[in-house]
Amino acid sequence: AGSPRKPAKGASSPKAAKPARIPNQAHTSFARSVAAGTTPESDLQAFQTEIIKHLPTIAAGQEVEALEVLMAGLARSGGAELPRAVREVLHSEGLQSSFRLTEQLMRCCLRHRLSADVLELLSTTKFVSPEALAGAALLAERSGDVALAKEVMAKLSPTPTPEVAGPLLRLAQSKDLGFNALALYDRHFDGVDLSQDVQAQHAVAAAALQAGRGDVVAKLVACPEAGVSALVRSFAAEGNFEAARNVFKACPTKTSSLYNALLSVAVDCRDLSAAVELKGEAVIAGLADVVTYNTIIKAHLQTGALGRAREVLRELRAAGLEPNCVTFNELIDATAKKSLRDMWELINDMQSCGLKPNQVTCSIVLKSIQTCSRPEDVEKAMAVVEQAGDAMDEVLLSSLCEACIRGRRSDLLARVLQQQRSSRGIAVKGAHTYGSLIRAHGSLGDLEGAWEAWKEMKTRRIAPTCITLGCMVEAVANNGNPEAGYRLIREALAEASTRPLVNAVIYCSVLKAFSHNKCFDRVWKIHEEMRELKLQYSIVTYNALIDACARSCEMKRITPLLEEMANEKIEPNVITYSTVLKGYCQENRLDRAFEVLADMKKSKDFSPDEVTYNTLLDGCARFGMFDRGIEVFKDMEEAGVKPSNFTVSVLVKLANRSKRPAEAFELAEQVARKYNFRPNIHVYNNLMNCCTARGQQARALEVFEQMLDERNRPDSRTYKILLQCCVQNGEKEQAAGLLRAATGLAPRYGRFSASVLQPKGGVASDVVMDTLEGLANSCKDEALALELYRELRAVPGLSLDPKSPMRWASGGMRGGRFD
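What counts, and at which threshold
- Residues numbered from 1 in each chain as written.
- Predicted model: local features only at pLDDT ≥ 70, side-chain atom pairs only at ≥ 80, totals over all residues.
- Heavy atoms only, no water.
- Helix = DSSP H or I, 4+ residues; strand = E, 2+ residues; numbered from the N terminus.
- Buried < 20%, exposed > 50% of the residue type's maximum accessible area, 1.4 Å probe, protein only.
- Areas by Shrake-Rupley, 256 points an atom, 1.4 Å probe, with all protein chains shown as cover.
- 1 Å grid on protein atoms, 1.4 Å probe; cavity = no way out; pocket = protein on both sides within 12 Å on 5 of 7 lines; lining within 4 Å.
- Points joined across faces, edges and corners; volume = space filled by probe spheres on them.
- Phe/Tyr/Trp six-rings, centres within 6.5 Å; stacked < 30°, edge-to-face > 60°.
- Lys NZ or Arg CZ within 6 Å of the ring centre and 35° of its normal.
- Core = buried A, V, L, I, M, F, W, Y, C linked by side-chain atoms within 4.5 Å.
- Contact = heavy atoms within 4.5 Å.
- Expected span 1.5 Å × (residues − 1).
- Arc of directions from axis to C-beta.
- Salt bridge = Lys/Arg side-chain N within 4 Å of Asp/Glu carboxyl O.
- Axes fitted to C-alpha atoms, helices over the stretch in contact; angles between N-to-C directions.
- Parallel < 35°, antiparallel > 145°, perpendicular 65-115°, else oblique.
- Nonpolar A, V, L, I, M, F, W, Y, C, P; charged D, E, K, R; others polar.
- Left-handed = near helix turned anticlockwise from the far one by under 90°.
- pLDDT = per-residue confidence, 0-100.

1. Thoughts on the overall build of the protein
Broken down by element type, the protein carries 46 helices and two strands. Taking all 819 residues of the protein together, 49% fall into the buried category. Carbon and sulfur atoms make up 50% of the accessible area of the protein, which amounts to about 40200 Å² in all.

Have a look at this one:
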């Protein structure tokens, strides 16, 4: 289209007196650079302001072409004020817009979603390009502008495009245009191919089904199979299975894809009976495939019918079909939540079908590993990941580290980290993965590895997230150096880019570390610093501060903290109350602890939990208050709080401190039997301690053997208890045999092999040296102590005092005990 000039006016007209102006060539050339995308944003804004300022001057030269060039450059990047300014100048100068200029103005208005301006442009122009009309239709749908939609319909060509039809049909389904999507389809879009627009198809099909217009539905399904399947599935969102079924019935030819589409709608609508019926029809028609069986398996899993789902798996294989990873992953995911044993059986079945675990399988298996998982379950999960081969990526690596940490398998975690640091490790590009690696190194006490990962991330210019920073601070603080963790926080605060990452959660790691080290002054100083920074506290922050007060016998500070919580409308939880209760127990104020318990019972928001009762039981045990402790335990049972092994270990301690050894064994046996769990190493250690406190070495060894029979692996405390008793009783050969068994120097101890006798991480060096000193000094057998010392030097990781042999040797010579 041309660019009509302003009509000539009489000589008396003030406008005619203005001299004709040639548009500024700098303006037009700059506009062309904008169109080419080579203009900086700052220059563009300044230029746009300058253009708007000089528009009257440019237009006065009767140069619509100049406006076309300017708008061509600015239509995709100009602000919302530019098209309005151009239209005002056109109106004031009496200029008629060209087709090209109108298109540019409309494009700019569409970009800024100026529906009123687009409506005015449409109503004042005769011709509109299909692209501009499609943009206007889409804007009408997004803004819900009925007036604009009607103006678009007024400008429709005899052969509208799908891009125009789709938005209008979708709008007609949600807005009152005076007619519904079916009427609009009949009037304007009967011959338009809607196969690529499922929502538009859905709008027409829904209206046609409601009106009983099977002819329209038949037209809609006369398109490629993928489009029809998508149309059937579209009814799942509104839970309309009957509509989906009617569309399916309208299809002249049924295929596996169509059956599966309708089956998925039935499953999404939770209509199990319809799903089972459809699956049967597909089987009879010979159109059931693996997807069909997978979908019906999913339907049964939704209802928790694991057995029925596994029956469908057997039916699939009986039909001559081979299950795929999707089949097994659905079953494995559902089974893992109920039984790890059944989950491992399914994984074995999967492998027997020749299927390798994929990333989804690995993710499900790793997610199933929790703190209470058996060691062998963690090992099996590792084996599944190894079988997946090249499935390892950053997400899986992070999941693997987290699973090993949850499962408390430091040995396996060390292996994972060693592989990652070798040539077989994957390239890490995400801050989240670095956070997992840092946390993993920290959990192993490997600060060198944690720092290495942190520095590598910074060298690669990967910006840390608050989680990554938190993992690094936690790793350092939890490994005995809270001051280094605090320095990391201060360094982050000093940098503008990392200052926003610092929050109260990160500070909490340092607070807890100082609290555990009994550095209360540092805790309180950091708390004041956090207040100065105006960090947002949460219940976790307050609980950490209250715990620090409880540990350091600073209970007088707890009341002000609780008042702060109330002012910030943070409600205390069961952890808050339990921590306060623990503080009173540590200050020997059991009366106040019982008052806290009474307050907890009155609360409507929570009730005392196992930790609360265990803490109070431990307080009673410290003072040998047996009857009061038993009352607490009965109260715990009556409240429906299930005791654990920790509870039993405290009950044994209570009986021991109250000088009731018989009750210790009775309580351990009765509670474990009643609640169907086996006593763990901590219960057995306390039972042995109960025996040794009374010099009953033989009975303590009986408990030790019972513990080994129950497949409880001893720890360093086990041997400390037994070795001290042997030395005190002068049973030096017994002590030597136990020490050799504990350190792996003897192949057996009685009927037990060395593999079940050695504690994880070995026996603590101080336990070994205390035993040797006892043999040399208390038992007066320096020769045996020296003999054991020489043998123990071969034990890896054991730290022995190099001066002790000289003392023993000189003592033996003075006493004439060496030949």
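2. Some points on the layout of surface pockets
Its volume calculated, the largest pocket comes out at about 1600 Å³. Mapped by element, the contributors of at least two residues to the lining of the largest pocket are helix H22 (375-387), helix H24 (410-420), helix H39 (681-692) and helix H43 (754-757).

3. Regarding the packing of aromatic side chains
Working definition: an aromatic ring pair is given by the centre-to-centre distance plus the angle between the planes. Per the stated rule, a full pass over the model turns up seven aromatic pairs. A network of ring pairs unites the aromatic residues Phe704, Tyr719 and Tyr749 as a single cluster. One cation-aromatic arrangement involves Arg628 over Phe594; the distance from NZ or CZ to the ring centre is 3.7 Å. The aromatic ring of Phe665 is capped on one face by Arg699, whose charged end is 3.8 Å from the ring centroid.

4. Quick look at the nonpolar core
Core analysis: the biggest nonpolar cluster contains 254 residues, and Leu169 and Phe704 have the highest contact counts within it. In terms of residue count, helix H15 (residues 256-268) provides more of this core than any other element does, eight residues in total. Among all residues touching Leu169, those that are not within four sequence positions of it are Ala181, Leu184, Tyr185, Phe189, Leu194, Ala200, Ala203 and Val204.

5. A short note on H22
Over its 13 residues, H22 runs 19 Å from end to end, which matches the ideal 18 Å to within 8%, given 1.5 Å per residue. All buried positions along H22 are accounted for by Asp377, Val378, Ala381, Met382, Val384 and Val385. Looking straight down H22, one finds its buried side chains confined to an arc of 155°; they lie on one side. Its buried side turned inward, H22 meets helix H20 (340-352), helix H21 (359-367), helix H23 (394-406) and H24. Looking one or two residues beyond H22, the residue adopting positive phi is Gly389, at roughly 65°.

6. A short note on the environment of Leu139
Along the chain, Leu139 turns up in helix H7 (residues 130-143). Classification of Leu139 as buried rests on a relative accessible area of 5%. Leu139 sits 29 residues away from Leu110 along the chain, and the two C-alpha atoms are 7.0 Å apart. Residues within four places of Leu139 in sequence aside, it is in contact with Leu110, Arg113, Leu114, Ser115, Val118 and Leu148.

7. Focus on the environment of Tyr259
As for its position among the elements, Tyr259 is in helix H15. Sequence separation of Tyr259 and Asp289 is 30 residues, and the distance between their C-alpha atoms is 9.8 Å. Not counting the four nearest positions on each side in its chain, Tyr259 is found in contact with Phe248, Lys254, Leu278, Glu281, Ala282, Ala285 and Leu287.

8. Some thoughts on the pattern of salt bridges
With the rule as written, the count across this model stands at 44 salt bridges. We note a salt bridge from Glu483 to Arg522, for which the minimum N-O separation is 2.9 Å. Of this pair, Glu483 sits in helix H28 (residues 482-494) while Arg522 sits in helix H30 (residues 520-532), and the two are 39 residues apart along the sequence. Overall, the relative accessible area of 30% leaves Glu483 in the partly exposed class. Residue classification places Arg522 among the partly exposed positions, given a relative accessible area of 21%. In this structure, Arg660 engages Glu663 in a salt bridge whose closest nitrogen and oxygen atoms are separated by 4.0 Å. For Arg660, a relative accessible area of 30% corresponds to the partly exposed category. Exposure remark for Glu663: the relative accessible area of 27% places this residue in the partly exposed category. Bridged by salt links that share partners, the residues Lys279, Arg308, Glu311 and Glu315 form one connected network.

9. Regarding H30
A rise of 1.5 Å per residue sets the reference length of H30, with its 13 residues, at 18 Å; its end C-alpha atoms lie 19 Å apart and thus fit the reference within 8%. Along H30, the residues classified as buried are Phe520, Val523, Trp524, Ile526, His527, Glu529 and Met530. Tucked into the core, H30 has its buried residues touching H28, helix H29 (504-516), helix H31 (539-551) and helix H32 (558-567). Where H30 ends, the next residue or the one after it, Lys534, has phi of about 60°, a positive value.

10. Considering the packing of H31 against helix H33 (residues 574-586)
Direction vectors running N to C along H31 and H33 enclose 5°, while the axes themselves pass 8 Å from each other. Between H31 and H33, the interaxial angle falls into the category roughly parallel. Note on element contacts: H33 touches H31 through Ile575, Thr576, Thr579, Val580, Lys582, Gly583 and Gln586, opposite Ile539, Asn543, Ile546, Asp547, Ala550 and Arg551. Across the contact of H31 with H33, the residue classes tally to five nonpolar, five polar and three charged.

11. A short note on the side chain of Ser115
In this fold, Ser115 is placed in helix H6 (residues 115-123). According to the relative accessible area criterion, Ser115 is buried, its value standing at 17%. For Ser115, the contacting residues outside a window of four places in its chain are Leu139, Ser143, Asp145 and Leu148.

12. Quick notes on unusual backbone geometry
Of note in this structure, Lys518 is not a glycine but carries a positive phi near 60°. Summarising the element assignment, Lys518 is placed in the loop between H29 and H30. Residue classification places Lys518 among the exposed residues on the basis of a relative accessible area of 54%. Residues other than glycine seldom take positive phi values, yet Cys553 does so here, at roughly 55°. Here Cys553 lies in the loop between H31 and H32.

13. Some remarks on the packing of H7 against helix H9 (residues 162-174)
Put simply, H7 and H9 touch, their axes get as near as 8 Å, and they point 15° apart. The angle between H7 and H9 falls in the class roughly parallel. Viewed along their axes, H7 and H9 form a crossing whose handedness is left-handed. Between H7, through Pro130, Leu133, Ala134, Ala137, Leu138, Ala140 and Glu141, and H9, the contact on the second element is made entirely by Glu163, Val164, Pro167, Leu168, Arg170 and Leu171. A breakdown of the residues in the contact of H7 with H9 according to their chemical character gives ten nonpolar, no polar and three charged.

14. What about the side chain of Ser229?
Mapping Ser229 onto the fold places it in helix H13 (residues 225-233). With residues up to four places along the chain from it excluded, the contact list for Ser229 reads Ser257, Leu258 and Ala261.

15. Some thoughts on the environment of Glu131
With respect to the helices, strands and loops of the structure, Glu131 is situated in helix H7. What makes Glu131 exposed here is its relative accessible area of 60%.

16. Some remarks on the confidence of the model for the protein
In this model, the protein carries an average pLDDT of 86, and 88% of its residues clear a pLDDT of 70 or more. For the stretch residues 1-24, pLDDT sits under 50, and the model shows 28 contacts to residues farther than four places along the chain or on other chains.

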